[in-house]
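Geometric and topological summary
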Amino acid sequence: MTGSQLLTTTETSLAIIEAIQELDGATPAELAAALELSESAVYKHLYTLAKHGYVTSEGDEYRLGARFYHIGMYVRNRSKVYELAGKYVIELAEQSNEESDFGIEENGRIVTLFDSVGSSAKPSSRLNNYEYMHTTAIGKAILARLPESRIDEIDDRWGFPELTEETITSRGELDAELERIRERGYAINDQESIPGKRVAGVVAEGPNGAVIGGFTISGPAYRIEDADLHQEFPDILQRVVPNFETELVSQELL
């Protein structure tokens, strides 16, 4: 097999994995239709992926395998920085008695590494842990710190998919939102990724000013009022996150 053939094979396998995730499980026929491949080609890739534990079958339907969980845990825990972030996610959840997340930007998307829920709160209906930056508080907080050239790259690659009626869907809307974030020092996601979920978020940075990731506090729209979203949540975040940044330095993690 030549290098180009191997690349094509790998890209097809990755496309199948992503399609299974997006479809929340799929039959070979559904995957073939979604990816415009023959069913025989899809079967070959599924066989190899299943052999190595990356997919599993339930009747005719294929789902992602538990091996991805182990890989994800390795990625999350490989860094002492991220491990420390998990500690502060728990603290934010306890102080707010709501849900808290920590996420990072990777390839122009937001990857959630840790989440925790306060004792009397319930976890939200998270759709996935790999989200578009323009739909999340973490993503918008990070975008507000990036140079225009990097924002252009992310825009060109991912665009502005509309997830709810509140989602930002144009560069003009995003630029105006990023300016507001720079002025007030925090970002919000007001039902822009999940209907009924209101979120406030801030970035966390290292001693040289480089963005490490972002922390959020969130809760259901029926309970979270504007004062919570624009005052209480940002106040807690802006009080706790600097402690995380200070501990990064004191432990010499950066």
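Bear in mind the structure is a predicted one, so any value in this text is a computation, not a measurement. (Residues numbered from 1 in each chain as written. Predicted model: local features only at pLDDT ≥ 70, side-chain atom pairs only at ≥ 80, totals over all residues. Heavy atoms only, no water.)

With respect to the packing of helix H7 (residues 148-158) against helix H8 (residues 171-184)
Two numbers describe a pair of packed helices, the interaxial angle and the distance between the axes. Here H7 crosses H8 at 140°, and the two axes come no closer than 13 Å. One way to sum up the angle between H7 and H8 is to call them oblique. Note that H7 runs across H8; the crossing there is right-handed. Contacts between H7 and H8 pair Glu-148, Ile-151, Asp-152 and Asp-155 from the former with Arg-171, Leu-174, Leu-178 and Arg-182 from the latter. Grouping the amino acids of the contact of H7 with H8 by side-chain chemistry returns 3 nonpolar, no polar and 5 charged. (Axes fitted to C-alpha atoms, helices over the stretch in contact; angles between N-to-C directions. Helix = DSSP H or I, 4+ residues; strand = E, 2+ residues; numbered from the N terminus. Parallel < 35°, antiparallel > 145°, perpendicular 65-115°, else oblique. Left-handed = near helix turned anticlockwise from the far one by under 90°. Contact = heavy atoms within 4.5 Å. Nonpolar A, V, L, I, M, F, W, Y, C, P; charged D, E, K, R; others polar.)

Let's talk about the nonpolar core
Core analysis: the biggest nonpolar cluster contains 29 residues, and Tyr-82, Phe-102, Phe-215, Leu-237 and Phe-244 have the highest contact counts within it. The set of elements that each furnish at least two residues to this core consists of helix H5 (80-96), strand S3 (99-106), strand S4 (109-117), strand S7 (197-205), strand S8 (211-220) and helix H9 (226-250). Considering every element that reaches this core, the biggest residue donor is H9, with 8 residues. Ranked by size, the runner-up nonpolar core spans 16 residues in total, among them Ile-110, Leu-143, Ala-144 and Ile-181. (Core = buried A, V, L, I, M, F, W, Y, C linked by side-chain atoms within 4.5 Å. Buried < 20%, exposed > 50% of the residue type's maximum accessible area, 1.4 Å probe, protein only.)

So, the pattern of salt bridges
Counted by the stated rule, this structure contains 20 salt bridges. Here Arg-63 makes a salt bridge to Asp-24, at a shortest N to O gap of 3.3 Å. On the criterion of sequence distance, the pair formed by Arg-63 in strand S2 (residues 61-64) and Asp-24 in the loop between helix H1 (3-23) and helix H2 (28-35) is long-range, its members being 39 residues apart. For Asp-24, a relative accessible area of 55% translates into the label exposed. A cluster of three or more residues bridged by salt bridges with shared partners is formed by Lys-140, Glu-177, Arg-180, Arg-184 and Glu-192. (Salt bridge = Lys/Arg side-chain N within 4 Å of Asp/Glu carboxyl O.)

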